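# Reading the structure
For reference, the chains in residue letters:
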Amino acid sequence: MLPEYHESIRDLVRSLLDSATHRNGADETPLEDVVSQEPQTGRTFGRYKNAHHYSDGLFSEVFKAVAPSECGGTTRSQIVALKVTTPDMMTAPHDSKHEARILIAVKSDHIIPLVENFQQAGGRLVLVFPFMPYGLDGLLPSNKLPNTARRTILHDIFSGLAHIHGMGIIHRDIKPSNILLASPSGPAFISDFGIAWSPNDHASEPLNEKILDVGTTCYRPPELLFGHGAYGTKLDMWAAGCVAAQVVCLYGKTLFDAGELGSELALIKSIFETLGTPDLGVWPEAAGFPDWGKMNFMRYPARKWGDVLAGADPSAVDFVSQLVVYESGQRLTAEEVRKTSEEL
């Protein structure tokens with residue numbers, strides 16, 4: 001990236017840590033002042049006092065708190081998010097100890113930084129992050145994402161992916177809610193590495209026998225749906241392509257629909273209706289998938305990408321079409337997309 005871009009990122013991060021704003025942006029009062037003025041009835045986690053519940057995850061609770069200023073440090077406190085987990089209660093591939101190790105290894109401009117992690121009474125592990133007041137999932141359907149910011153945010157997402165993929169790490173749950181932002185204009189950070197796979201971590205599954213139950217509903221790529229456990233980093237590229245489609249055109253809608261129950265069959269039908277029902281000529285790698293050929297599917301013709309992403313800029317349509325591809329080897333790499341996103 002250009003030096004000016006790096007400097008703008010650093011300025012925004014410094015601004016975030018110095019004076020984070022409300023999640024809805026309606027009040028300019030510094031967030032740490034608001035948190036500190038809340039009744040002193042919150043929880044205590046290590047040195048973080050008066051922590052208030054913010055959100056829930058499948059195996060975690062997130063609290064918001066003001067980090068105490070260190071002696072000789074800044075006069076203003078940092079707002080932090082405390083991800084409170086109980087590792088012994090988690091089921092694979094969810095593992096907060098594994099997540100902490102990966103986050104320490106992948107420090108980068110567009111990966112959510114891990115401030116610290118520590119053990120808490122009751123077998124809990126607390127992961128501490130800078131508080132990010134926005135999630136991409138909240139900005140898209142509410143149409144709060146400035147048009148001028150879309151290119152920057154995509155660039156940030158794929159820059160983060162290029163970094164982790166260069167280390168052989170697969171995030172395995174790319175979706176809008178796992179993209180956090182310092183402001184509606186960015187910078188953007190990839191978060192939640194709770195089910196990530198790393199070739200260098202002892203808790204990860206064998207290379208060719210990875211867990212299939214990863215990803216979230218309509219962002220799951222087709223190779224998972226047909227039992228392919230030897231997937232690689234291109235798994236993230238399909239999901240990121242689905243996110244990119246929302247950023248450039250679909251906004252509150254998802255590219256594919258898994259139905260109210262998140263059914264795999266509903267998702268397969270939605271993918272086939274959009275991209276066309278594949279055969280081995282279109283998707284040769286599927287011949288080696290354990291569940292390929294076990295069912296007969298209705299033959300759907302492929303829709304034109306210009307119709308799927310109606311109203312999007314042609315370059316954006318071409319961009320998404322090179323990510324959301326059946327044959328994983330044909331999907332662009334994160335580094336290629338990072339460069340392409342600069343032109344969107």
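The shown structure was predicted, so the numbers you read here are calculated from the model rather than taken from an experiment.

This paragraph deals with the sheet that holds strand β7 (residues 134-135). With antiparallel pairing, the three strands of this open sheet are ordered in space as β7-β8-β9. Two strands close off the open sheet at either side, each with one partner strand: β7 and β9 (188-190). By the bridge criterion, three bridges tie strand β8 (residues 179-181) to β9 in an arrangement that is antiparallel. Across the sheet, the residue bridging to I179 is I190, located in β9. Its contacts with the sheet place helix α5 (residues 150-166) against β8 and β9, and it is angled at close to 30 degrees to β9.

Before going further, it helps to examine the pairing of strand β5 (residues 116-120). Relative to strand β6 (residues 124-130), β5 runs antiparallel, the two being bridged by five bridges. Pairing of E116 across the sheet is with V128, part of β6. Taken together, β5 and the strand that follows it, β6, pair antiparallel across an intervening segment of three residues, in which G122 is found at a positive phi of about 90 degrees.

Below, the discussion takes up the layout of surface pockets. To find leftover empty space, one rolls a probe the size of a water molecule over the atoms. Its boundaries defined by the atoms lining it, the largest pocket holds a volume of some 1,100 Å³. Lining the largest pocket are 44 residues, and of these G57, S60, K83, N178 and D192 lie nearest its centre. When residues of the lining of the largest pocket are traced back to their parent elements, those giving at least two are β2 (48-56), β3 (60-67), β4 (78-85), α3 (96-105), β6 and β7. In the lining of the largest pocket, the residues fall into 19 nonpolar, 14 polar and eleven charged.

What follows deals with the confidence of the model for the protein. When pLDDT is averaged along the protein, the result is 87; 85% of the residues meet or exceed 70. Here residues 1-36 scores under 50 on pLDDT; set against residues more than four positions off or in separate chains, the count is 68 contacts. Every residue in residues 71-75 is under pLDDT 50, and counting partners more than four places away or in other chains gives two contacts.

Two measures define how a pair of helices packs: the angle their axes make with one another and the distance between the axes. Their axes nearest at 9 Å, the elements helix α7 (residues 234-250) and helix α10 (residues 314-321) cross at an angle of 165 degrees. Relative to α10, α7 is oriented roughly antiparallel. Like other packed secondary-structure pairs, α7 and α10 cross with a definite hand, here left-handed. Each of G241, A244, A245 and V248 in α7 lies in contact with α10, whose residues at this interface are A316, F319 and V320.

Counted by the stated rule, this structure contains 13 aromatic pairs. Here the aromatic rings of F226 and W283 are separated by 5.7 Å at their centres, their planes lie at 85 degrees, and the arrangement is edge-to-face. Within this pair, whereas F226 is found in the loop between α6 (222-225) and α7, its partner W283 is found in the loop between α8 (264-275) and α9 (305-308), the two being separated by 57 residues in sequence. A relative accessible area of 0% places W283 in the buried class. K210 extends its terminal NZ or CZ atom over the ring of W197, reaching a point 4.6 Å from the ring centre.

Okay, the packing of α5 against α7 next. At a minimum axis separation of 10 Å, α5 and α7 run at an interaxial angle of 175 degrees. For the element pair α5 / α7, the angle class is roughly antiparallel. Counted together, R150, L154, I157, F158, L161, I164 and H165 of α5 and D236, M237, A240, V243, A244, V247 and V248 of α7 form the full contact between these two elements. Class assignment for the residues of the contact of α5 with α7 results in eleven nonpolar, one polar and two charged.

Cut-offs and rules
Residues numbered from 1 in each chain as written. Predicted model: local features only at pLDDT ≥ 70, side-chain atom pairs only at ≥ 80, totals over all residues. Heavy atoms only, no water. Pairing = 2+ DSSP bridges. Helix = DSSP H or I, 4+ residues; strand = E, 2+ residues; numbered from the N terminus. Contact = heavy atoms within 4.5 Å. Axes fitted to C-alpha atoms, helices over the stretch in contact; angles between N-to-C directions. 1 Å grid on protein atoms, 1.4 Å probe; cavity = no way out; pocket = protein on both sides within 12 Å on 5 of 7 lines; lining within 4 Å. Points joined across faces, edges and corners; volume = space filled by probe spheres on them. Nonpolar A, V, L, I, M, F, W, Y, C, P; charged D, E, K, R; others polar. pLDDT = per-residue confidence, 0-100. Parallel < 35°, antiparallel > 145°, perpendicular 65-115°, else oblique. Left-handed = near helix turned anticlockwise from the far one by under 90°. Phe/Tyr/Trp six-rings, centres within 6.5 Å; stacked < 30°, edge-to-face > 60°. Buried < 20%, exposed > 50% of the residue type's maximum accessible area, 1.4 Å probe, protein only. Lys NZ or Arg CZ within 6 Å of the ring centre and 35° of its normal.

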